[in-house]
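Structural description and commentary
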Amino acid sequence: MKRYVLRVEGVNFANCLFDTNDLSIIRGASLLLDQVAQPVGSALSQTLGAKLAPLWSGGAKAVFAFEADEQTAAKAESAARESLTRDVWRHMTFVLDMVEETDPLIAEATAEARNRARQFRQWTVADCAVAGAWRQDALDGVRPADPASDNPRGPLAPSSATRIEYGRNMRKDFFSQRSGATVPVDAALVGSFEDLVADPPGGLSLSARGKMAVIHLDGDGFGAAARELKDPARFASEVIGRTDAILDALVKDAMDQELHDGNVSNPVLRLEVLLWGGDDITLVVPAWRALSTLQAFHAAVAGWQISGESLGFTGAAIIAGHKAPIRRLVQLAQEAVDVAKTGGARGAFTIDIFESSSPPEDGLAAHRSRAHQSVPIDCLAFPAHAIADLRQMLARWRQDAGTLYPSRARLNEVLNLGLSEEALAEVTRRDEIRIRGAARETATDLLKDLRLPRLPHVDRPLSIDLRLVSDLWDYAGGEA
């Protein structure tokens, strides 16, 4: 008898998760990817003659370990592969590899490396042939549609129809299986990105209405903690327990915000989970709740440690109209996190706002250059622990604009003058003296009250602070 480790992972998300802008399809695909341990575990259990649970699973991945002779192990691997070509799973793309275990850490790492190599040797799109097809899918515009499809949205390919149905049947289960606080029975789930931003709170500015925020969060310190613990299964179990607590906090915050916005009789869970992978999480919320969601998330992970190693997340929010291509927004959010990590802003978060209907094609760097000139990324980042302070400062500024602080119009007027930092500081001092009636000798100290939270090592220019205040003006939450 030998011991084997089998690893499976969902891949090619661009062709099975973000291939349409339809929320129902995305939700169904995300749930299918997240549940990959079910068909694989069932196939392994039947072949081995005993129920087999994964060492760990989540985030479109699962790892199993078992003892068997070589012949039985080969049959188990074959059965596991076959299980992913049947039923609902055949519409997704997975990589699966099995290795003999000599060392737990090495075995899993080897299986993951083989997964990566296999991904380059197989089709990036699952078989989508349909007998007698003569039209393309109405939602992705590519796959052949089922000739018998009579969906109200147009002819659908089997892949689209299956993902929609799976998402419809399983969406509440996602929260109830992972979160201690299940979705209230009277709370509706949104059916589209348009529903996500429908019925915004009273007083919200026109520019913020109709916008959503795609939030991507990538773990910090997870690799070091896993190496220190030297037990992949236990590490995965501890991470899963912690991420369940995150989801609990996010659901609670979403429902609290719903009550705060006045939706008492017909509450809606305005929270969509696109990726839920432990250290790799992507969410979508209304734009006016982006900061509240980030605050709830980081409060839930504060003080995380495994084997003495601190864990955290670097995050990014991309705000754009609800009709913007979701695949593009996710790519921008992931790019923003990568840039933050390489630019010295780990553990922080950034927010980029696209006012047009669709993000520009020249990318995130070009957008930031136009909006903020050539400043280091850490100047645009906010420390995660200071989100509450940031929200309070923005709300206070907005509430007292024109009485204690310059108005937004005045901010933009001054910023458009293109002044040097020294000249900008002097103009701002004069505004404070005029608005507050402050004595000139105290105006310099009052400038500190205008500065937003920043990373400890960063000396953010005053112009960037004022530009960020203007940009975030509509997204602090509450009334404008």
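Summarised in this report is the structure supplied together with it. Computed from a predicted structure; not experimentally measured. (Residues numbered from 1 in each chain as written. Predicted model: local features only at pLDDT ≥ 70, side-chain atom pairs only at ≥ 80, totals over all residues. Heavy atoms only, no water.)

To continue, consider the overall build of the protein chain. Of the regular secondary structure elements, the protein chain holds 18 helices and 14 strands. Each of the 480 residues in the protein chain was classed as buried or not, and the buried ones make up 52%. For the protein chain, the share of sequence-separated contacts (at least 6 apart) that also reach a separation of at least 24 residues comes to 72%. Accessible area for the protein chain stands at about 20,800 Å²; split by element, carbon and sulfur atoms hold 50% of it. One way to put it: in the protein chain the 53 positive side-chain charges average out to a point 1 Å from where the 65 negative ones average out. (Helix = DSSP H or I, 4+ residues; strand = E, 2+ residues; numbered from the N terminus. Buried < 20%, exposed > 50% of the residue type's maximum accessible area, 1.4 Å probe, protein only. Contact = heavy atoms within 4.5 Å. Areas by Shrake-Rupley, 256 points an atom, 1.4 Å probe, with all protein chains shown as cover. Lys, Arg positive; Asp, Glu negative; His and termini not counted. Charge placed at Lys NZ, Arg CZ, Asp CG, Glu CD.)

What follows covers the side chain of Ser-83. Position of Ser-83 relative to the elements: it lies in helix α4 (residues 70-83). For Ser-83, a relative accessible area of 4% translates into the label buried. A distance of 2.6 Å separates the side chain of Ser-83 from the backbone oxygen of Ala-80, its partner in a polar contact. Dropping the residues within four chain positions of it, Ser-83 is found in contact with Pro-39, Val-40, Ala-43 and Trp-89. (Polar contact = N/O pair within 3.5 Å; in protein donor to acceptor, adjacent residues only side chain to side chain.)

Attention now moves to the side chain of Asn-12. Note that Asn-12 resides in the loop between β1 (2-10) and α1 (13-16). Exposure remark for Asn-12: the relative accessible area of 14% places this residue in the buried category.

What follows deals with the environment of Val-190. Within the secondary structure layout, Val-190 lies in the loop between β5 (188-189) and α7 (193-196). You can call Val-190 buried: its relative accessible area is 2%. Taking the C-alpha atoms as reference points, Val-190 and Pro-286, 96 residues apart in sequence, are found 11 Å from one another. Apart from the residues within four sequence positions on either side, Val-190 is in contact with Leu-23, Arg-27, Arg-171, Asp-195, Leu-196, Val-268, Leu-269 and Glu-272.

Moving on to the sheet that holds strand β2 (residues 56-58). Strand order in this open sheet of four strands is β2-β3-β1-β4, and the pairing throughout is antiparallel. With partners counted over all chains shown, the strands left at the sheet margins are β2 and β4 (94-100), one partner each. For this sheet, the mean angle separating the axes of adjacent strands, direction not counted, is 20°. Of the strand pairs in this sheet, β2 and strand β3 (residues 61-68) are connected by three bridges, and their pairing is antiparallel. Looking across to β3, one finds that Gly-58 is bridged to Lys-61. Helix α5 (residues 104-119) contacts β1, β2, β3 and β4 of the sheet and is inclined by roughly 140° relative to β4. (Pairing = 2+ DSSP bridges. Axes fitted to C-alpha atoms, helices over the stretch in contact; angles between N-to-C directions.)

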